[in-house]
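# Observations on the three-dimensional arrangement
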Amino acid sequence: AQSVTQLDSQVPVFEEAPVELRCNYSSSVSVYLFWYVQYPNQGLQLLLKYLSGSTLVKGINGFEAEFNKSQTSFHLRKPSVHISDTAEYFCAVTIPGYSSASKIIFGSGTRLSIRP
Amino acid sequence: GAGVSQTPSNKVTEKGKYVELRCDPISGHTALYWYRQSLGQGPEFLIYFQGTGAADDSGLPNDRFFAVRPEGSVSTLKIQRTERGDSAVYLCASSLQDRGIDTQYFGPGTRLTVL
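These notes cover the structure that comes with them. As the structure is a computational prediction, the values presented were derived from the model and not from experiment.

## Some thoughts on the state of the cysteines
Applying the stated criterion to the full structure yields 2 disulfides over all chains. Paired by a disulfide, Cys23(A) and Cys91(A) hold their sulfur atoms 1.9 Å apart. Measuring handedness by torsion sign, the sulfur bridge of Cys23(A) and Cys91(A) sits at about -65° and is left-handed. In this pair, Cys23(A) is assigned in the loop between strand 3 (19-21) and strand 4 (24-26) and Cys91(A) in strand 10 (residues 87-94), connecting sequence segments 68 residues apart. Since its relative accessible area comes to 0%, Cys91(A) is described here as buried. The disulfide that involves Cys23(B) links it to Cys92(B), with 1.8 Å between the sulfurs. Measuring handedness by torsion sign, the sulfur bridge of Cys23(B) and Cys92(B) sits at about -65° and is left-handed. In this pair, Cys23(B) is assigned in strand 3 (residues 19-24) and Cys92(B) in strand 9 (residues 88-95), connecting sequence segments 69 residues apart.

Here you go:
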(Lines give C-alpha, C1' and ligand atoms only; values in the text may rest on other atoms or scores of the structure.)
Protein backbone atom coordinates (compact mmCIF):
# COMPACT_ATOMS: atom_id res chain seq x y z
CA ALA A 1 0.00 0.00 0.00
CA GLN A 2 1.04 3.56 -0.59
CA SER A 3 1.28 6.28 2.04
CA VAL A 4 2.32 9.90 2.24
CA THR A 5 3.84 11.62 5.24
CA GLN A 6 4.03 15.37 5.62
CA LEU A 7 6.44 15.96 8.43
CA ASP A 8 5.23 19.40 9.48
CA SER A 9 1.62 20.17 10.27
CA GLN A 10 2.33 23.89 10.43
CA VAL A 11 5.09 26.06 8.99
CA PRO A 12 5.25 29.76 9.92
CA VAL A 13 7.59 31.95 7.87
CA PHE A 14 8.17 35.64 7.34
CA GLU A 15 7.17 37.28 4.09
CA GLU A 16 9.91 37.15 1.42
CA ALA A 17 11.70 34.34 3.26
CA PRO A 18 12.32 30.97 1.58
CA VAL A 19 10.24 27.96 2.55
CA GLU A 20 10.45 24.19 2.23
CA LEU A 21 7.52 21.90 2.92
CA ARG A 22 8.59 18.33 3.43
CA CYS A 23 6.97 15.23 2.00
CA ASN A 24 7.97 11.59 2.11
CA TYR A 25 6.14 8.70 0.52
CA SER A 26 6.11 4.95 0.79
CA SER A 27 5.39 2.65 -2.13
CA SER A 28 6.60 -0.68 -3.50
CA VAL A 29 5.88 0.48 -7.06
CA SER A 30 6.57 3.63 -9.03
CA VAL A 31 4.25 6.53 -8.30
CA TYR A 32 3.24 9.87 -9.68
CA LEU A 33 3.70 12.69 -7.19
CA PHE A 34 1.67 15.84 -6.71
CA TRP A 35 1.40 18.95 -4.61
CA TYR A 36 -2.03 20.51 -4.18
CA VAL A 37 -2.86 23.82 -2.49
CA GLN A 38 -6.08 24.68 -0.69
CA TYR A 39 -6.62 28.38 -0.10
CA PRO A 40 -9.05 29.38 2.66
CA ASN A 41 -12.63 28.55 1.67
CA GLN A 42 -11.59 27.31 -1.75
CA GLY A 43 -11.21 23.95 -3.47
CA LEU A 44 -8.01 22.02 -4.03
CA GLN A 45 -5.80 23.30 -6.85
CA LEU A 46 -2.90 21.47 -8.47
CA LEU A 47 0.44 23.22 -7.89
CA LEU A 48 2.70 20.80 -9.73
CA LYS A 49 3.21 17.15 -10.53
CA TYR A 50 6.02 14.72 -11.21
CA LEU A 51 5.36 11.96 -13.71
CA SER A 52 8.82 11.12 -15.08
CA GLY A 53 11.95 12.75 -16.47
CA SER A 54 13.65 15.68 -14.80
CA THR A 55 13.50 15.37 -11.04
CA LEU A 56 13.06 19.12 -10.58
CA VAL A 57 9.51 20.15 -11.31
CA LYS A 58 8.32 23.73 -11.59
CA GLY A 59 4.75 24.67 -10.81
CA ILE A 60 2.50 27.66 -10.55
CA ASN A 61 3.07 30.68 -8.32
CA GLY A 62 6.85 30.22 -8.23
CA PHE A 63 6.81 26.85 -6.45
CA GLU A 64 9.05 23.95 -7.37
CA ALA A 65 9.61 20.46 -6.03
CA GLU A 66 12.37 17.91 -6.33
CA PHE A 67 11.81 14.19 -6.59
CA ASN A 68 14.42 12.14 -4.75
CA LYS A 69 13.89 8.44 -5.35
CA SER A 70 16.57 7.23 -2.97
CA GLN A 71 15.10 9.23 -0.10
CA THR A 72 11.50 8.74 -1.29
CA SER A 73 10.92 12.45 -0.90
CA PHE A 74 9.19 15.18 -2.86
CA HIS A 75 9.81 18.42 -0.96
CA LEU A 76 8.16 21.65 -2.07
CA ARG A 77 10.14 24.89 -2.14
CA LYS A 78 9.71 28.56 -2.86
CA PRO A 79 12.60 31.04 -2.67
CA SER A 80 10.50 33.98 -1.49
CA VAL A 81 6.96 33.70 -0.13
CA HIS A 82 4.14 36.23 -0.21
CA ILE A 83 1.20 36.78 2.10
CA SER A 84 -1.00 35.32 -0.64
CA ASP A 85 0.76 31.95 -0.26
CA THR A 86 -1.01 31.41 3.06
CA ALA A 87 -2.85 28.12 2.55
CA GLU A 88 -2.89 24.41 3.28
CA TYR A 89 -0.56 22.35 1.12
CA PHE A 90 -1.09 18.67 0.41
CA CYS A 91 1.43 16.21 -0.97
CA ALA A 92 -0.12 13.28 -2.81
CA VAL A 93 0.64 10.17 -4.87
CA THR A 94 -1.12 8.04 -7.40
CA ILE A 95 -0.09 4.87 -9.20
CA PRO A 96 0.35 5.03 -12.96
CA GLY A 97 -1.02 2.50 -15.32
CA TYR A 98 -3.88 0.91 -13.38
CA SER A 99 -7.39 2.13 -14.11
CA SER A 100 -8.65 1.38 -10.66
CA ALA A 101 -5.73 3.02 -8.95
CA SER A 102 -5.96 6.58 -10.19
CA LYS A 103 -7.31 7.52 -6.81
CA ILE A 104 -5.08 10.04 -5.13
CA ILE A 105 -3.59 9.29 -1.74
CA PHE A 106 -3.07 12.50 0.19
CA GLY A 107 -0.87 13.43 3.08
CA SER A 108 -2.37 15.12 6.11
CA GLY A 109 -1.39 18.59 4.95
CA THR A 110 0.92 21.41 6.00
CA ARG A 111 -0.52 24.75 6.96
CA LEU A 112 1.73 27.54 5.67
CA SER A 113 1.27 30.84 7.47
CA ILE A 114 3.09 33.92 6.30
CA ARG A 115 3.99 36.67 8.76
CA PRO A 116 4.47 40.24 7.49
CA GLY B 1 -15.05 26.90 -18.98
CA ALA B 2 -16.98 25.96 -15.86
CA GLY B 3 -15.23 23.93 -13.23
CA VAL B 4 -16.54 21.15 -11.03
CA SER B 5 -19.56 22.28 -9.06
CA GLN B 6 -21.06 20.74 -5.94
CA THR B 7 -24.37 21.31 -4.26
CA PRO B 8 -25.27 22.14 -1.63
CA SER B 9 -22.23 23.98 -0.32
CA ASN B 10 -23.37 23.31 3.23
CA LYS B 11 -25.71 20.70 4.63
CA VAL B 12 -26.79 20.39 8.23
CA THR B 13 -28.80 17.33 9.18
CA GLU B 14 -29.79 15.33 12.21
CA LYS B 15 -28.42 11.98 13.19
CA GLY B 16 -30.29 9.19 11.44
CA LYS B 17 -31.43 11.24 8.46
CA TYR B 18 -30.73 10.58 4.77
CA VAL B 19 -28.71 13.03 2.66
CA GLU B 20 -27.77 13.41 -0.98
CA LEU B 21 -24.77 15.36 -2.22
CA ARG B 22 -24.50 16.32 -5.87
CA CYS B 23 -21.51 16.75 -8.14
CA ASP B 24 -21.44 18.27 -11.63
CA PRO B 25 -18.13 17.43 -13.29
CA ILE B 26 -16.41 19.36 -16.02
CA SER B 27 -18.14 18.72 -19.33
CA GLY B 28 -16.51 15.90 -21.25
CA HIS B 29 -14.69 14.41 -18.27
CA THR B 30 -15.28 10.68 -18.14
CA ALA B 31 -13.68 9.98 -14.75
CA LEU B 32 -15.28 11.19 -11.52
CA TYR B 33 -14.02 10.77 -7.96
CA TRP B 34 -15.45 11.33 -4.50
CA TYR B 35 -13.22 12.09 -1.51
CA ARG B 36 -13.96 12.91 2.12
CA GLN B 37 -11.92 15.42 4.11
CA SER B 38 -12.25 15.38 7.86
CA LEU B 39 -11.10 18.31 9.95
CA GLY B 40 -7.31 18.58 10.00
CA GLN B 41 -6.81 15.73 7.57
CA GLY B 42 -6.08 15.28 3.90
CA PRO B 43 -8.82 14.07 1.59
CA GLU B 44 -9.52 10.33 1.61
CA PHE B 45 -10.70 8.45 -1.44
CA LEU B 46 -14.25 7.10 -1.39
CA ILE B 47 -15.27 5.98 -4.86
CA TYR B 48 -14.37 6.42 -8.50
CA PHE B 49 -16.51 6.25 -11.64
CA GLN B 50 -15.41 5.62 -15.18
CA GLY B 51 -18.43 6.59 -17.21
CA THR B 52 -21.57 5.27 -15.53
CA GLY B 53 -19.99 2.44 -13.59
CA ALA B 54 -18.25 2.50 -10.24
CA ALA B 55 -14.81 1.17 -11.09
CA ASP B 56 -13.50 1.31 -7.54
CA ASP B 57 -15.62 1.75 -4.40
CA SER B 58 -13.03 0.44 -1.98
CA GLY B 59 -13.00 3.68 -0.01
CA LEU B 60 -16.66 3.70 0.97
CA PRO B 61 -16.62 3.25 4.76
CA ASN B 62 -19.72 1.06 5.03
CA ASP B 63 -22.99 0.16 3.34
CA ARG B 64 -24.67 3.38 4.45
CA PHE B 65 -22.74 5.13 1.70
CA PHE B 66 -23.71 4.76 -1.94
CA ALA B 67 -23.03 6.76 -5.09
CA VAL B 68 -24.50 6.78 -8.58
CA ARG B 69 -23.71 8.34 -11.92
CA PRO B 70 -26.59 7.13 -14.12
CA GLU B 71 -25.82 9.08 -17.29
CA GLY B 72 -22.07 9.32 -16.99
CA SER B 73 -22.09 12.96 -16.00
CA VAL B 74 -23.69 14.18 -12.76
CA SER B 75 -23.05 12.04 -9.70
CA THR B 76 -24.88 11.80 -6.40
CA LEU B 77 -23.37 10.58 -3.15
CA LYS B 78 -26.03 9.19 -0.86
CA ILE B 79 -25.65 8.63 2.87
CA GLN B 80 -28.29 6.74 4.83
CA ARG B 81 -28.85 6.87 8.58
CA THR B 82 -26.24 9.59 9.03
CA GLU B 83 -24.00 9.52 12.08
CA ARG B 84 -22.06 12.32 13.75
CA GLY B 85 -18.83 10.77 12.48
CA ASP B 86 -19.98 11.40 8.91
CA SER B 87 -19.45 15.13 9.44
CA ALA B 88 -16.78 16.23 6.97
CA VAL B 89 -16.25 18.06 3.70
CA TYR B 90 -17.13 15.85 0.75
CA LEU B 91 -15.08 16.63 -2.32
CA CYS B 92 -15.76 15.69 -5.90
CA ALA B 93 -13.15 15.68 -8.67
CA SER B 94 -13.20 14.90 -12.36
CA SER B 95 -10.56 14.19 -14.96
CA LEU B 96 -10.59 13.88 -18.70
CA GLN B 97 -9.82 10.17 -18.59
CA ASP B 98 -8.87 7.63 -16.03
CA ARG B 99 -5.14 7.83 -16.19
CA GLY B 100 -2.75 8.89 -13.47
CA ILE B 101 -1.36 11.61 -15.70
CA ASP B 102 -4.73 13.28 -16.13
CA THR B 103 -5.14 16.12 -13.70
CA GLN B 104 -8.03 15.76 -11.29
CA TYR B 105 -9.96 19.01 -10.94
CA PHE B 106 -11.66 19.43 -7.60
CA GLY B 107 -14.92 21.11 -6.72
CA PRO B 108 -15.32 23.41 -3.70
CA GLY B 109 -16.85 20.63 -1.63
CA THR B 110 -20.00 20.13 0.42
CA ARG B 111 -19.61 20.63 4.15
CA LEU B 112 -21.83 18.08 5.90
CA THR B 113 -22.63 18.56 9.57
CA VAL B 114 -24.53 15.84 11.40
CA LEU B 115 -26.00 17.01 14.69
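## Considering the interface of chain A and chain B
Contacts between the two partners involve 19 residues from chain A, matched on the other side by 22 residues from chain B. Of the roughly 1600 Å² buried between chain A and chain B on both sides combined, carbon and sulfur atoms contribute 55%. Three residues stand out in chain A for area buried against chain B, namely Leu44(A), Ser102(A) and Lys103(A), and they jointly supply 29% of the buried area on that side. Applying the counting rule to chain A against chain B returns 1 salt bridge. At the level of secondary structure, the elements contributing two or more residues to the side of chain A that touches chain B comprise strand 5 (32-38), strand 6 (44-50) and strand 10 of chain A. In terms of residues, the side of chain A that touches chain B owes the most to one element, strand 5 of chain A, which gives 4 residues. Here the side of chain A that touches chain B is composed, by residue class, of 9 nonpolar, 8 polar and 2 charged.

Basis of the calculations
- Residues numbered from 1 in each chain as written.
- Chains lettered and ligands numbered in written order.
- Predicted model: local features only at pLDDT ≥ 70, side-chain atom pairs only at ≥ 80, totals over all residues.
- Heavy atoms only, no water.
- Disulfide = S-S within 2.5 Å.
- Helix = DSSP H or I, 4+ residues; strand = E, 2+ residues; numbered from the N terminus.
- Buried < 20%, exposed > 50% of the residue type's maximum accessible area, 1.4 Å probe, protein only.
- Contact = heavy atoms within 4.5 Å.
- Buried area = accessible area lost by both parts, 1.4 Å probe.
- Salt bridge = Lys/Arg side-chain N within 4 Å of Asp/Glu carboxyl O.
- Nonpolar A, V, L, I, M, F, W, Y, C, P; charged D, E, K, R; others polar.

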